[in-house]
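# Breakdown of the fold
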Amino acid sequence: RFLSTLHPSPSDSMASDYSSTPVTLNNVNPKVLKCEYAVRGEIVNLAQKLQQDLKENPGSHPFDEILYCNIGNPQSLAQQPVTFFREVLALCDHPLILDKSETQGLFSADSIERAFQILDQIPGRATGAYSHSQGIKGLRDTIASGIEARDGFPADPNDIFLTDGASPAVHMMMQLLIGSENDGILCPIPQYPLYSASIALHGGTLVPYYLDEETGWGLEVSELENQLKTAKSKGINVRALVVINPGNPTGQVLAEANQREIVEFCKKEGLVLLADEVYQENVYVPEKQFHSFKKVARSMGFGEKDISLVSFQSVSKGFYGECGKRGGYMEVTGFSPEIREQIYKVASVNLCSNISGQILASLVMSPPKVGDESYESFAAEKEGILSSLARRAKTLEDAFNNLEGVTCNKAEGAMYLFPRINLPGKAIKAAEEAKTAPDAFYARRLLNATGIVVVPGSGFGQRPGTWHFRCTILPQEEKIPAVVSRLTEFHKQFMDEFRG
Ligand SMILES: Cc1ncc(COP(=O)(O)O)c(CN[C@@H]2CONC2=O)c1O
């Protein structure tokens, strides 16, 4: 019923127009039906409808704009791209600019130099041509050097697969690892629903391990062991462990000692470690630092033959937020040559990732250095964005913790807060009557009252009986006070309505 108000089903006469179409809900791939991705789910669909209402009928809702706090999409909320990155991209995409005399006055010397260097790595300087299926070798050389500089351990360019964002890299690994529903993937709960969606699409089994909200979303190895044992007792062959660090939606940054335990666990149990590190530049608390799992494993003396590790990186996050450019990579280590061939074969089916995304991934991993003309301005842009994100995270964390019945762990990193809301029984009952999950009921009421779009915790998974929602820390800093006041006022009214 609810969905029908969103997508008015064709009128009866129109409905029959589809009855003879070859694809129906009865014969479409059931794995597609099982797949869900709440980050762009029903609440967002409703928000888009309300946005259209506001456009067609200004004043038709008790707010004048929709605030999309559902997706980690910084530049959709006015975050500016990094100047150096865009200068290099522009010059690479239209090399003729490099030959013009006025270019020297419009672009920094190091952007021009970097563009020449990149173009010399592309056969025929043709950014419009297909590249090697793992990506342009020269760019992979640059990325490998960047990984080495970050970790202090060698990285092989031939281990790097440049992809259209981290998402397709995750799908590729699920495609490689999942042969049937007997193949299980250990995933954190709450998790970023790319993982549950990809496992569903590939017909595998998600094996949950619960992060501990009481200890700041701690990842206990005992929980991993228990869940692995339970899965095995059900005949599930667990293939891999997904770790998202810094965490989405939970925002925790793992302690290095905890990471060592996780590496030991994967080695002992023969699991592929899928390390999602797309928020590696998003750490906001001084007591935590990002350590790649590659660095942790190598520092433990574990090399190629000891652990199979896939590290995912993206240009969508950090301080760059270039989501739409679709850039990223996976660094694949610890697989035999014949398996590497299979991974390459899967990558080759898609020919190659887009070249702008490839260039951007190399810039992210090899930014301006001290002494480069762009370094000062680059460092200022980076610091400005990251310090603002840290302030916004703290402001929203405090605001959530000031709400009746709400507790919210600190966002140590990433781009989200995941507050827990203890909903009164009357609200739970009202949600049941509305045939919706309690947290989705709250999120929908919030949207209708304030225009603020959050994602119900149900979309990420949560311990049974607990309710959460995910809110990004991305609205422009000057809008945060309005977000807090609208949210606070709504929450008080909601609790007054359903308290007791
Ligand atoms: C943990 C994690 N991994 C991978 C991705 C995919 O990134 P690409 O853009 O490189 O494919 C995201 C995107 N974050 C989603 C998108 O916005 N909000 C989110 O939760 C993510 O949060």
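Residues numbered from 1 in each chain as written. Predicted model: local features only at pLDDT ≥ 70, side-chain atom pairs only at ≥ 80, totals over all residues. Heavy atoms only, no water.

## Here's the deal with the side chain of Asp151
In plain terms, the rule: In this text, helices come from DSSP runs of H or I with a minimum length of four residues, and strands from runs of E with a minimum of two, each type numbered from the N-terminal end. Burial classification: accessible surface area is computed with a 1.4 Å probe over protein chains only, and a residue below 20% of its type maximum counts as buried, one above 50% as exposed, and the rest as partly exposed. Contacts were defined at the residue level, with two residues in contact if any of their heavy atoms lie within 4.5 Å.
Within the secondary structure layout, Asp151 lies in helix α8 (residues 137-151). Residue Asp151 is classed as buried on the basis of its relative accessible area of 8%. For Asp151, the residues in contact, after removing those within four places along its chain, are Ser292, Lys294 and Lys295.

## Topic: the pattern of salt bridges
Put simply, the rule reads: A carboxyl oxygen of Asp or Glu within 4 Å of a side-chain nitrogen of Lys or Arg is what we treat as a salt bridge.
Scanning the entire structure with this criterion turns up 26 salt bridges. As a salt-bridge pair, Glu269 and Lys232 come within 3.5 Å of each other at their nearest N and O atoms. Of this pair, Glu269 sits in helix α12 (residues 256-269) while Lys232 sits in helix α11 (residues 221-233); the two residues are 37 residues apart in sequence, bridging distant segments of the chain. A salt bridge links Asp496 to Arg499, with the shortest nitrogen-to-oxygen separation between them at 3.0 Å. The class for Asp496 is partly exposed, based on a relative accessible area of 38%. By sharing partners, the salt bridges in this structure join Glu404, Lys492, Asp496 and Arg499 into a single network.

## A word on the side chain of Gln259
One can find Gln259 in helix α12. Setting aside residues up to four positions removed in sequence, Gln259 forms contacts with Asn245, Leu254, His291, Ser292, Phe293 and Val296.

## Overview of the sheet that holds strand β7 (residues 309-314)
Sheet strands associate in pairs through backbone hydrogen bonding, adopting either a parallel or an antiparallel arrangement. Worth spelling out the cut-off: When DSSP locates at least two bridges between a pair of strands, those strands are taken to pair. Angular values range over 0 to 180 degrees, each being the angle between N-to-C directions of two axes fitted as lines to C-alpha atoms, with helices fitted over their stretch in contact.
Spatially, β2-β8-β7-β6-β5-β3-β4 is the arrangement adopted by the seven strands of the open sheet, whose pairing is mixed. Of all the strands in the sheet, just β2 (160-163) and β4 (205-210) have a single pairing partner and so form its edges. Strand-to-strand twist in this sheet, taken as the mean axis angle between neighbours without regard to direction, amounts to 20°. Taken strand by strand, α8 contacts β2 and β8 (328-333), and its axis lies near 115° from that of β2.

## Quick look at the environment of Thr142
Note that Thr142 resides in helix α8. Judged by relative accessible area, Thr142 falls into the buried class, the value being 15%. In the structure, Thr142 is positioned 221 residues away from Leu363 in sequence and 8.4 Å away in space, judged by C-alpha atoms. Among residues more than four places away in sequence, those in contact with Thr142 are Gln121, Ser362 and Ser366.

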